[in-house]
Amino acid sequence: MASDRIETGVQVLEVSGERQERLKYELKRLPWIPVVIIVIMVFAAIFAPLVAPHSPTKQSLRDKLQPPAWQAEGSAKYLLGTDILGRDILSRLIYGARVSLIVAFTALLAGGAIGGVLGLLSGYAGGKTDTFIMRAVDATLAFPTILFALLLAVTMGQGLQTVVLAVTLILWARFARVTRGEVLGLKDNDFVALAQVHGCSGARIMFVHIMPNVFNSFMVMLTLHVGLVILTEASLSFLGAGIPPPTPSWGQMVADGRAKVATAWWISIIPGVAITMVVIAFNVFGDWLRDRLDPKLRQL
Amino acid sequence: MQKYILNRLLQGVVLLFIVALIVFALARATGNPADLMVPEDATEEERQFVERNLGLDRPYHVQLFVFLTGIVRGDFGDSIVYKKPAAELFFERLPNTLKLLPLSMFIAVSIAIPLGVVAAVKRGTWIDQVAGAIAVFGVATPNFWIAIVCIYIFSVWLDVLPPGRMGGPLHYILPAFTLGTFSIAGIMRLIRSSMLEVLDTEYVKLARIKGLQEWKVFWKHCLRNALIPVLTLFGVFVGGFVTGAIVTETVFAWPGIGRLTIDAVAQRDFPLLQAVILLDAVIILAVNLVVDILYAYVNPRIRYD
C-alpha cells in the first residue's frame, strides 16, 4: 500500500513511481473477459444502426427460420439465424442491447438517487424518520416487485417508462438500505461532530460531508445492480409486460421462440446466452470493483 | 411474545392497507378505471353501465370505503373474462401451484445444501470453485430461459419428459426444477458462508479435538447451526416463490396462480389482477409472520421488544 510508505517526508518522492506500479498491478488483475464483453455490448448498443447487418424489425418471410451460419443449412447472410418472421437475430440482439442498457442506465440513476437520498436521511436523521423509511424498505423488499410491475403494465400500458418505473421501485430500497448502513458507520466520526459544532445544517452535513464518503460504495452498488436490472427487464419482457413489440428486447426474443423450441432452438437459446453472458460480465466486474474500492461491502 | 405477535399482525394489516391503497390509486391515477374494467371493444353504454354498477361515478372516498370493506368481506370483485368472483378463481388455482412446492423445495435443498457444505469444508479447492461457478451462473441465468433449455434437452432432444401442462408424476419434474432454481444459488451461498463461520467456532474445534469423525462434525454439529440463517430467509424465499411461480407456470402452461396472473395481464382483466396481487400479499405476509414467530420459539437468543 502506498499510503503506508508515506510516513516520512523523504519517501514522498517514491509515491508516483509506486502509483504506476500499483496501477500496473491493478490492470493485471482487471477481469479482462467481462470488460471486453461489456465494452462490446456498450459499443453495439450505441452504434446499433451502423453495426447491425440488417434491420431489426424488417420481416422477410422468404428467409424465415434460417438456422445460424455454423449449422448445415445456415448461411453467412444471417450469422445467428432468423426468427419466425424472418428477422435477423443478430441485428435484433444488437438493438436489444440498446433497450437493456437504456433501462439499466435510467433505472439505476433514478433508483440510486432516490435510494441514496432516503438512505442518507434515514441514517443521519435516525429516530422516527429512520424507522419509517426502513419499514418501507422492508416492505418493498418482501413484496415481489414483479407484481407491481405487472400492475403498472396494465394500468399505465406497456412501454419503456413503465419498465423503468417498475425497476426503479425495486432498486431504491436496496440502495437506501446500503447507504443507511454506510451513514450509520460514518455518523460518529469526528469530522461530522466538527461540522455539527461548526453549525452546519443537517442538509449540508449529509450532502457535503457524508455523501462523498459514501460515494465508493454507491458506485459499487450501481455496478453490482446492472445485472439485476437487465434480468428484471428481460423477465418482464418475456412475460409480455415489458417492452412491447416490435422494439426488440432480449426477454421478448426468448419468448418469441418458445413455441418453436423443437424445430428452431436458436430463436430462444441465443438471446438467453447473451443475457447470461452480459449479466455475468457485469457481476464479475462489479465484484472486482467492490474488492478494489470497498472490500467491506463483501457480504452483499 | 403475545405483544410481539399482536404488533406484527397490526403491521401486516397496515401493509395490506397500503398495498390496497396503491392498487386503488394506480387504477384511478392512470385514467378511468371503467376502461380497465370492461373489455376493450365495449360500447359507450356498456362502459357507463359498468361505471354506475361499480360506483365509479361516486366520490373517491366513498369508492375507497366500498373497495376496502369489500376486501374485508373477502369480496375482491368479479373477473371480466371468467365472469366469476376473482377470489374464487384464485383459490381454485392455488392448489395447483402448491403442488409444485414440495418437489421444488426438495430439489433446491438437496442440491444447495450438500454443495454449500462441501464448498465450505473444502474451501479453496476445485470443488469450492465449481460451487462458486454454479452460484455465478445461477444468479445470472434467467430462469425462464433455463426452463426453455430444459424443455429442449429433456422433451425435444432426449424425449423423456413432457414439456408442459399438468398430468402424471413426470409432468412435475421440469416445472419443479425450474421453480427450485430460483433459490439454489441463494441458499448455497448462504450455507457456505454460515458454515465457514460455524467451522471457526470453539465447539467445532472441541468436537474435532475430541476425535469425532469429520463427517459427523460437519453434517451434524456444523450444519445444524449453519441452517439458522437459511430459515430466517425462508420468508424472503416465499416472495421469490411467487415470482418463480409466475415465470414457471407461464413457460410450462401450468394452471396455477402464476399463470392466472399472467392471463389477467394479457387479457387486461384488471379486477382479477388486483385480487391476485392482494391475495398474494396476504399469503406472503402471513408466511413471513409465521416464520418470524417460529424463529422466536426456535432461537431463544432473539428478543422481541
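Being a predicted model, the structure only gives us computed values, none of them experimental.

Reading the values: rules and limits
Residues numbered from 1 in each chain as written. Chains lettered and ligands numbered in written order. Predicted model: local features only at pLDDT ≥ 70, side-chain atom pairs only at ≥ 80, totals over all residues. Heavy atoms only, no water. Helix = DSSP H or I, 4+ residues; strand = E, 2+ residues; numbered from the N terminus. Buried < 20%, exposed > 50% of the residue type's maximum accessible area, 1.4 Å probe, protein only. Domains from an automatic or database assignment. Buried area = accessible area lost by both parts, 1.4 Å probe. Polar contact = N/O pair within 3.5 Å; in protein donor to acceptor, adjacent residues only side chain to side chain. Nonpolar A, V, L, I, M, F, W, Y, C, P; charged D, E, K, R; others polar. Phe/Tyr/Trp six-rings, centres within 6.5 Å; stacked < 30°, edge-to-face > 60°. Contact = heavy atoms within 4.5 Å. Salt bridge = Lys/Arg side-chain N within 4 Å of Asp/Glu carboxyl O. Core = buried A, V, L, I, M, F, W, Y, C linked by side-chain atoms within 4.5 Å. Axes fitted to C-alpha atoms, helices over the stretch in contact; angles between N-to-C directions. Parallel < 35°, antiparallel > 145°, perpendicular 65-115°, else oblique. Left-handed = near helix turned anticlockwise from the far one by under 90°.

**Some words on the overall build of chain A**
1) Next: From N to C terminus, chain A includes 12 helices and zero strands.
2) Next: Along chain A, helices and strands appear, N-terminal first, in the series α-α-α-α-α-α-α-α-α-α-α-α.
3) Next: Taking the principal axes of its C-alpha atoms as reference, chain A extends roughly 75 × 50 × 30 Å.
4) Next: Among the 300 residues that make up chain A, the fraction classed as buried is 52%.

**Remarks on the domain arrangement of chain A**
All names here are of chain A.
1) Next: Taken domain by domain, chain A holds domain 1 (1–30) and domain 2 (32–298).
2) Next: If you average the C-alpha positions of domain 1 and of domain 2, the two centres end up 35 Å apart.
3) Next: When domain 1 packs against domain 2, the two sides together hide about 520 Å² of surface, and 58% of this comes from carbon and sulfur.
4) Next: Area buried by domain 1 at its contact with domain 2 is led by Glu26, Leu27 and Leu30, which between them contribute 82% of it.
5) Next: Viewed at the interface, domain 2 and domain 1 are joined by zero residue pairs in polar contact (both at pLDDT 80 or more).
6) Next: For the side of domain 1 that touches domain 2, the per-class residue count stands at two nonpolar, no polar and three charged.

**Looking at the packing of aromatic side chains**
1) Next: The tally for this structure, following the rule as stated, stands at nine aromatic pairs over all chains.
2) Next: Each ring, one from phenylalanine 43 of chain A and one from phenylalanine 47 of chain A, has its centre 5.0 Å from the other, and the planes form 50°; the classification is tilted.
3) Next: We classify phenylalanine 43 of chain A as partly exposed; its relative accessible area is 47%.
4) Next: The partly exposed category is assigned to phenylalanine 47 of chain A, whose relative accessible area is 35%.
5) Next: Aromatic pair tyrosine 172 of chain B and tryptophan 254 of chain B: ring centres 5.1 Å apart, planes at 75°, arrangement edge-to-face. Of this pair, tyrosine 172 of chain B sits in helix H8 (residues 170–199) while tryptophan 254 of chain B sits in the loop between helix H11 (234–252) and helix H12 (257–266), placing them 82 residues apart in sequence.
6) Next: Looking at tryptophan 254 of chain B, the relative accessible area reads 0%, which means it is buried.
7) Next: Each member of the aromatic cluster is reached from another via a ring pair, and the members are Trp265 and Trp266 of chain A together with Tyr152 of chain B.

**As for the interface of chain A and chain B**
1) Next: At the interface, 36 residues of chain A touch 37 residues of chain B.
2) Next: Buried area between chain A and chain B, both sides added, is near 3,300 Å², and the carbon and sulfur share of it is 83%.
3) Next: Broken down residue by residue, the surface that chain A buries against chain B is led by Leu151, Val154 and Thr155 of chain A, which jointly contribute 19%.
4) Next: Here the residues of the side of chain A that touches chain B sort into 27 nonpolar, seven polar and two charged.

**Quick word on the pattern of salt bridges**
1) Next: Evaluated as defined, the whole model comprises nine salt bridges over all chains.
2) Next: Of the charged contacts, one joins aspartate 138 of chain A and arginine 177 of chain A as a salt bridge, the two residues approaching to 2.4 Å between their closest N and O atoms. Note that aspartate 138 of chain A is positioned in helix H6 (residues 127–142) and arginine 177 of chain A in helix H8 (residues 160–187), a separation of 39 residues in sequence.
3) Next: Assessed through its relative accessible area of 36%, aspartate 138 of chain A is described here as partly exposed.
4) Next: Under the relative-accessibility criterion, arginine 177 of chain A is labelled partly exposed at 40%.
5) Next: The partner of aspartate 263 of chain B in a salt bridge is arginine 259 of chain B, with the nearest N and O atoms 3.2 Å apart. Taken together, the positions of aspartate 263 of chain B and arginine 259 of chain B, both in helix H12 and four residues apart, correspond to about one turn of that helix.
6) Next: For aspartate 263 of chain B, a relative accessible area of 14% gives the class buried.
7) Next: Salt bridges linked by common partners bring Arg87, Arg92 and Asp256 of chain A together as one network.

**A closer look at the nonpolar core**
1) Next: Within the largest apolar cluster, 105 residues are counted, with the highest numbers of intra-cluster contacts made by Trp250 of chain A together with Phe144 of chain B.
2) Next: No other element matches helix H12 (residues 266–293) of chain A, which puts 11 residues into this core.
3) Next: Those residues in contact with phenylalanine 144 of chain B that lie beyond four places of it in its chain are Ala234, Ser235, Phe238, Gly251, Val254 and Ile275 of chain A together with Val247 and Val251 of chain B.
4) Next: Membership of the second largest hydrophobic core comes to 23 residues, among which are Ala108, Val117, Val198 and Phe218 of chain B.

**Structural notes on the packing of H8 of chain A against helix H10 (residues 202–238) of chain A**
All names here are of chain A.
1) Next: Where H8 meets H10, the axes come as close as 9 Å, and the angle between the chain directions of the two elements is 150°. As the angle between them shows, H8 and H10 are arranged roughly antiparallel. The way H8 lies across H10 gives a crossing that is right-handed.
2) Next: Split into classes, the residues belonging to the contact of H8 with H10 amount to 17 nonpolar, five polar and three charged.

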